[in-house]
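# Fold and geometry: a report
As a plain string of letters, each chain reads:
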Amino acid sequence: MALQLVDLNSDVEYLAIDVSQIPYSFSVKLVDKTYTFTVKYNDAGKFFTVDLLDVNGNVLAFGEVIRYGRPLFNVVEDERFPIPVIIPSCITDTDVSEVTWENFGKDVKLYLYDRKVS
């Protein structure tokens, strides 16, 4: 199966992140399933991570590093994971190339893209 991103050609949806609340958890319904995301910051390494749990509290991913431009949870994909592809990126400034404390949740957001499996 090949994974392909589909351009939404409309307003892009994203998961809102409030860095002033980190570490914190929030639940969100993506398509037909509810997930809990826990966002943390590793001060020593200067990077953000996210844990992903299903509606029953089962851990699907732990300590996933949030890397600019790279889909989250890309290593393991099965029916338990979110249908949309979640990519940390900035659609307003082409000079942004990493996720930082200053830009995460403001310029850099966790954008949701339709997943097309062929």
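Here, every reference points to the structure presented above.
Since this is a predicted model, take the numbers as computed values, not measurements.

If you walk through the whole model with that rule in mind, you get 2 salt bridges. We note a salt bridge from D51 to K40, for which the minimum N-O separation is 2.9 Å. Residue D51 is located in strand β5 (residues 47-53), and its partner K40 is located in strand β4 (residues 33-42); the two are separated by 11 residues in the primary sequence. Take K40: its relative accessible area is 29%, and that puts it in the partly exposed class. D43 is the partner of K46 in a salt bridge, and the nearest nitrogen-oxygen pair spans 3.4 Å. Of the two residues, K46 and D43, both sit in the exposed class.

A few words on the sheet that holds β4. Spatially, β3-β4-β5-β6 is the arrangement adopted by the 4 strands of the open sheet, whose pairing is antiparallel. Strands at the two margins of the open sheet, each flanked by one partner only, are β3 (24-30) and β6 (59-65). Within the sheet, the average angular offset between the axes of one strand and its neighbour, ignoring direction, is 20°. Of the pairings in the sheet, the one linking β5 to β6 comprises 4 bridges and is antiparallel in character. Across the sheet, residue L53 finds its bridge partner in β6, namely V59.

Right, let's talk about the side chain of T38 for a bit. Within the secondary structure, T38 is located in strand β4. Classification of T38 by relative accessible area gives buried; the value is 14%. There is a polar contact of 2.6 Å between the side chain of T38 and the side chain of S25. Ignoring anything within four residues of it in the chain, the contact list for T38 reads Y24, S25, T49, V50 and D51.

It is worth spelling out the packing of aromatic side chains at this point. A full pass over the atoms with the stated rule returns 8 aromatic pairs. Taken together, a centroid distance of 5.7 Å and an interplanar angle of 65° make the contact between Y14 and Y111 edge-to-face. Of this pair, Y14 sits in strand β2 (residues 13-15) while Y111 sits in strand β8 (residues 109-117), placing them 97 residues apart in sequence. With a centroid separation of 6.3 Å and 50° between ring planes, the pair formed by F37 and F73 is classed as tilted. With a gap of 36 residues between them, F37 in strand β4 and F73 in the loop between β6 and β7 (85-89) connect regions that are remote in the sequence. Considered together, F37 and F73 belong to a single accessibility category, that of buried residues. Within the aromatic cluster, the residues linked to one another by ring pairs are Y24, F26, F37 and F73.

What counts, and at which threshold
Residues numbered from 1 in each chain as written. Predicted model: local features only at pLDDT ≥ 70, side-chain atom pairs only at ≥ 80, totals over all residues. Heavy atoms only, no water. Salt bridge = Lys/Arg side-chain N within 4 Å of Asp/Glu carboxyl O. Helix = DSSP H or I, 4+ residues; strand = E, 2+ residues; numbered from the N terminus. Buried < 20%, exposed > 50% of the residue type's maximum accessible area, 1.4 Å probe, protein only. Pairing = 2+ DSSP bridges. Axes fitted to C-alpha atoms, helices over the stretch in contact; angles between N-to-C directions. Polar contact = N/O pair within 3.5 Å; in protein donor to acceptor, adjacent residues only side chain to side chain. Contact = heavy atoms within 4.5 Å. Phe/Tyr/Trp six-rings, centres within 6.5 Å; stacked < 30°, edge-to-face > 60°.

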